[in-house]
There are 2 protein chains.
Amino acid sequence: MTTHVLVVGTGLIGTSLGIALSRKGFRVSLSDPSPTAARLARDLGAGQLANGQPGGQDQQPAAPSASDTHDAPDVVVVAAPPDVAGAVVAEQLRRWPNAVVTDVASVKGAIAQAVERAGGDLGRYVGSHPMAGRERSGTMAARADLFEGRAWVVVPTTATRPDAIQAVLGIATAVGSVVTVMAADEHDAAVAVVSHVPQVAASLVASRLRDLSDPAVSLAGQGLRDVTRIAASDPRLWTQILAGNAAAVRDVLRELAADLAGVITALDALDGVDAPGALEVVGRAIGDGNAGHARIPGKHGAAPTAYAVVVVVVPDTPGALGHLLTDMGAAGVNLEDLHLEHGLGQPFGLAEVSVLPSAAEHLLTALDERGWRVHD
Amino acid sequence: MTTHVLVVGTGLIGTSLGIALSRKGFRVSLSDPSPTAARLARDLGAGQLANGQPGGQDQQPAAPSASDTHDAPDVVVVAAPPDVAGAVVAEQLRRWPNAVVTDVASVKGAIAQAVERAGGDLGRYVGSHPMAGRERSGTMAARADLFEGRAWVVVPTTATRPDAIQAVLGIATAVGSVVTVMAADEHDAAVAVVSHVPQVAASLVASRLRDLSDPAVSLAGQGLRDVTRIAASDPRLWTQILAGNAAAVRDVLRELAADLAGVITALDALDGVDAPGALEVVGRAIGDGNAGHARIPGKHGAAPTAYAVVVVVVPDTPGALGHLLTDMGAAGVNLEDLHLEHGLGQPFGLAEVSVLPSAAEHLLTALDERGWRVHD
């Protein structure tokens with residue numbers, strides 16, 4: 001029997017999920033407070049408008065009815081903003097007494113608490129966090145493959161029934177996600193470290209640029225660009241995310257603030273005459289960063305790999321980088337990562353190409369033979 | 001008449017400069033406390049061994065002599081570590097009474113003060129900061145094009161003679177750098193914001209990963225990777241850099257710490273019941289980051305440009321990305337930036353391709369026609 005999934009909220013995540021599930025043969029109904037957003041999602045192939053959704057087949061208002069029960073969803077996915085997700089989940093649990101309900105907010109403890117406070121049936125509630133955001137949001141940014149290859153964290157409560165977990169695992173797997181099951185506090189502590197605190201740090205570093213002179217800003221290099229890339233993120237969404245995970249983010253930021261205070265004290269001492277131990281504090285801060293950085297998994301969730309970096313001068317003309325990578329492919333070498341460094345006022349850039357260490361020497365030779373200016 | 005440049009210190013910067021200047025027709029002599037490093041630099045094409053350099057033509061010790069004066073350099077480039085650069089500059093000013101001397105350390109005020117304290121002739125001293133580091137260091141990492149298209153900040157003292165400034169400008173321009181002239185305090189304040197504070201922030205964020213569980217670390221996405229990429233930098237070098245610019249870095253870190261304390265207080269309030277104003281503090285932190293991020297110059301030092309992002313699914317096979325970029329080139333569209341997002345456990349990745357907004361629609365159509373799975 002075909003699984004019927006009701007998607008409540010047709011923004012980036014809800015619409016992308018609707019498209020992906022529809023393509024996999026699920027029956028998807030769409031609901032959104034905005035009739036325009038729901039219709040747009042339908043037109044993008046995300047599913048049919050739900051009963052009660054303005055513009056839907058029955059053209060009825062949203063009150064439950066006998067026909068609703070007849071067409072009840074098996075799974076409801078609440079893709080609403082984090083600050084209302086808990087209330088919407090509780091409402092859907094009441095409205096569909098046999099359905100499994102999940103949400104996709106990037107914080108999980110606060111949502112489960114809100115569901116419980118609102119008297120929702122926790123046995124049929126499962127938290128989800130598909131780690132599939134983009135810098136862009138909204139229905140129009142939806143993509144069928146948004147979840148492919150990305151992590152999807154499934155977060156049961158202690159009361160969640162096993163069949164409810166299975167239903168959500170089925171959806172996550174169907175859209176190509178790699179599923180991890182975690183408790184809510186474990187999830188919230190993890191994303192505080194790997195996502196929320198990096199966002200705060202990037203924003204605070206970028207803030208310092210506001211009052212800098214133009215010549216000073218012009219000294220910006222790739223390091224600054226990388227550190228501050230996510231500082232361009234949406235303040236409204238991030239305020240909700242950080243508020244929703246306030247305790248966990250605060251705890252990690254306090255650790256960071258303590259380390260920062262130590263570095264400031266050490267630099268203050270180094271600006272004076274005598275500074276026993278100060279250099280060690282600074283060196284340890286950088287060294288501890290080395291150790292933490294080394295824990296970040298490599299490509300495909302595998303163990304961290306130290307790639308060899310080959311640097312190639314690439315003319316700034318259409319297709320030049322493509323020719324380079326085609327030549328790499330012809331040499332049988334796979335690209336593991338790529339950073340581009342654009343020259344200031346120069347008609348070329350440097351491509352820093354990461355490859356497996358065993359492939360580096362062969363690649364250097366092959367590219368050199370094809371006339372590229374390369375450096376290891 | 002050929003300019004004779006003496007490079008003192010044949011690590012990454014000194015050797016790269018020697019190679020680049022030699023190729024431009026300068027006469028380059030090489031000197032290093034390590035005879036091995038100096039000979040390696042010579043073998044890489046960075047120049048000849050200097051008189052007095054062990055292994056050099058005269059095989060004499062380093063004491064000045066009549067022959068030294070006969071073969072005096074016009075410009076001495078001190079490419080020594082930041083903590084000894086000032087002393088070496090003063091020594092070279094004394095040894096070559098007609099030469100212009102510059103250094104390449106990434107801090108400038110502390111070096112000029114050290115030169116003055118050591119009684120060096122400030123009229124012939126010019127500070128330099130070629131912004132051309134790499135994650136790797138050492139003679140073997142040298143590249144002839146290290147300076148091409150990168151910023152080179154020239155930092156005269158108030159006593160520096162105009163002809164000394166001109167001599168250093170000539171070298172920076174010869175190796176393809178884009179020259180900016182700044183006062184030492186202006187330079188040090190600028191690099192504190194665009195380089196040194198981002199390094200500290202990246203290291204402190206990465207430090208938090210040290211004690212995380214493996215499942216938690218596995219949730220790391222591209223945001224964390226970008227923020228912490230430079231956390232892999234060398235602790236010894238960065239301890240010297242941060243100590244050398246201690247006051248300026250401390251001042252910026254204090255601003256950052258004050259903002260951070262505000263965010264922590266706000267999150268603390270949000271974890272409780274009532275939190276008037278707390279959401280605004282969090283939202284402003286992210287919004288200020290937006291404003292700061294928008295000031296980072298675009299490619300080629302031009303004004304910031306909001307590029308359009310096109311997302312393409314790329315199979316993880318040798319050459320696939322190359323074919324994509326070749327197809328982009330065939331469509332006449334130039335790549336402005338590129339981010340790769342590797343799928344966890346999936347044999348493909350997502351390429352986020354930045355192009356000029358006016359080119360996005362044409363590119364989407366062209367790639368779609370060639371069979372790529374694309375999304376805007």
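What you see is a predicted model, and the numbers here were worked out from it, not measured in a lab. (Residues numbered from 1 in each chain as written. Chains lettered and ligands numbered in written order. Predicted model: local features only at pLDDT ≥ 70, side-chain atom pairs only at ≥ 80, totals over all residues.)

Draft legend 1. Structural detail: the overall build of chain A. Scanning chain A for helices and strands turns up 14 helices and twelve strands. Within chain A, the proportion of its 376 residues that are buried is 55%. Expressed as a percentage of contacts within chain A between residues at least 6 apart in sequence, the contacts between residues at least 24 apart total 65%. (Helix = DSSP H or I, 4+ residues; strand = E, 2+ residues; numbered from the N terminus. Buried ≥ 20, exposed ≤ 12 C-beta atoms within 10 Å, placed from the backbone. Contact = placed C-beta atoms within 7 Å.)

Draft legend 2. Local environment of the relation of the copies chain A and chain B. Aligned on chain B, chain A shows an RMSD of 0.1 Å; the corresponding rotation is 180° and the shift along the axis is 0.0 Å. The superposition operator between the copies reduces to a two-fold rotation axis. The fraction of interface residues of chain A whose copies in chain B are also interface residues reaches 100%, indicating that both copies meet through the same surface. (Least-squares fit on C-alpha atoms with pLDDT ≥ 70 in both.)

Draft legend 3. Summary view of the sheet that holds strand 4 (residues 75-78) of chain B. Residue and element names in this part refer to chain B. Taken in spatial order, the eight strands line up as 3-2-1-4-5-6-7-8 in an open sheet, and their pairing is mixed. Lying at the two open borders of the sheet, with one neighbouring strand each, are strand 3 (48-49) and strand 8 (178-181). Looking at chain direction, strand 2 (residues 27-31) and strand 3 are connected through two bridges and run parallel. When the sheet's bridge partners are listed, S29 is paired in strand 3 with Q48. (Pairing = 2+ DSSP bridges.)

Draft legend 4. Up close: the interface of chain A and chain B. Of the residues lining the interface, 119 residues belong to chain A; the matching set on chain B comes to 119 residues. Broken down by element, the side of chain A that touches chain B gets its largest block of residues, 18 residues, from helix 11 (residues 246-270) of chain A. In terms of residue class, the side of chain A that touches chain B is made up of 66 nonpolar, 33 polar and 20 charged. (Nonpolar A, V, L, I, M, F, W, Y, C, P; charged D, E, K, R; others polar.)

Draft legend 5. Broad picture of the environment of V205 of chain A. Considering the arrangement of structural elements, one finds V205 of chain A in helix 7 (residues 184-207). Taking the number of C-beta atoms within 10 Å as the measure of exposure, V205 of chain A has 28 and is therefore buried. On a C-alpha basis, the gap between V205 of chain A and L224 of chain A in space is 8.8 Å, while along the polypeptide they are 19 residues apart. Once residues within four sequence positions are removed from consideration, V205 of chain A is found in contact with V227 and T228 of chain A together with V197, P198 and A201 of chain B.

Draft legend 6. Seen up close, the packing of helix 7 of chain A against helix 12 (residues 278-293) of chain B. The geometry of helix 7 of chain A relative to helix 12 of chain B is characterised by a closest axis approach of 7 Å and an angle of 55° between their N-to-C directions. Of the possible angle classes, the one that applies to helix 7 of chain A and helix 12 of chain B is oblique. As for the relative orientation of helix 7 of chain A and helix 12 of chain B, their crossing is left-handed in sense. From helix 7 of chain A, V200, A202, S203, L204, A206 and S207 of chain A reach across to helix 12 of chain B, where they touch A285, I286, D288, G289, G292 and H293 of chain B. Of the residues in the contact of helix 7 of chain A with helix 12 of chain B, the class split is six nonpolar, five polar and one charged. (Axes fitted to C-alpha atoms, helices over the stretch in contact; angles between N-to-C directions. Parallel < 35°, antiparallel > 145°, perpendicular 65-115°, else oblique. Left-handed = near helix turned anticlockwise from the far one by under 90°.)

Draft legend 7. The arrangement of the nonpolar core in detail. Ranked by size, the top nonpolar core spans 210 residues in total, and within it V77, V78, V89 and V197 of chain A together with V77, V78 and V89 of chain B carry the most contacts. Sequence-distant contacts of V197 of chain A, that is, excluding residues within four places in its chain, are made with A192, V249, V252, L253 and L256 of chain A together with V205 and R208 of chain B. Core analysis: the second largest hydrophobic core is formed by 44 residues, V311 and V312 of chain A together with V312 and L363 of chain B among them. (Core = buried A, V, L, I, M, F, W, Y, C linked by C-beta atoms within 7 Å.)

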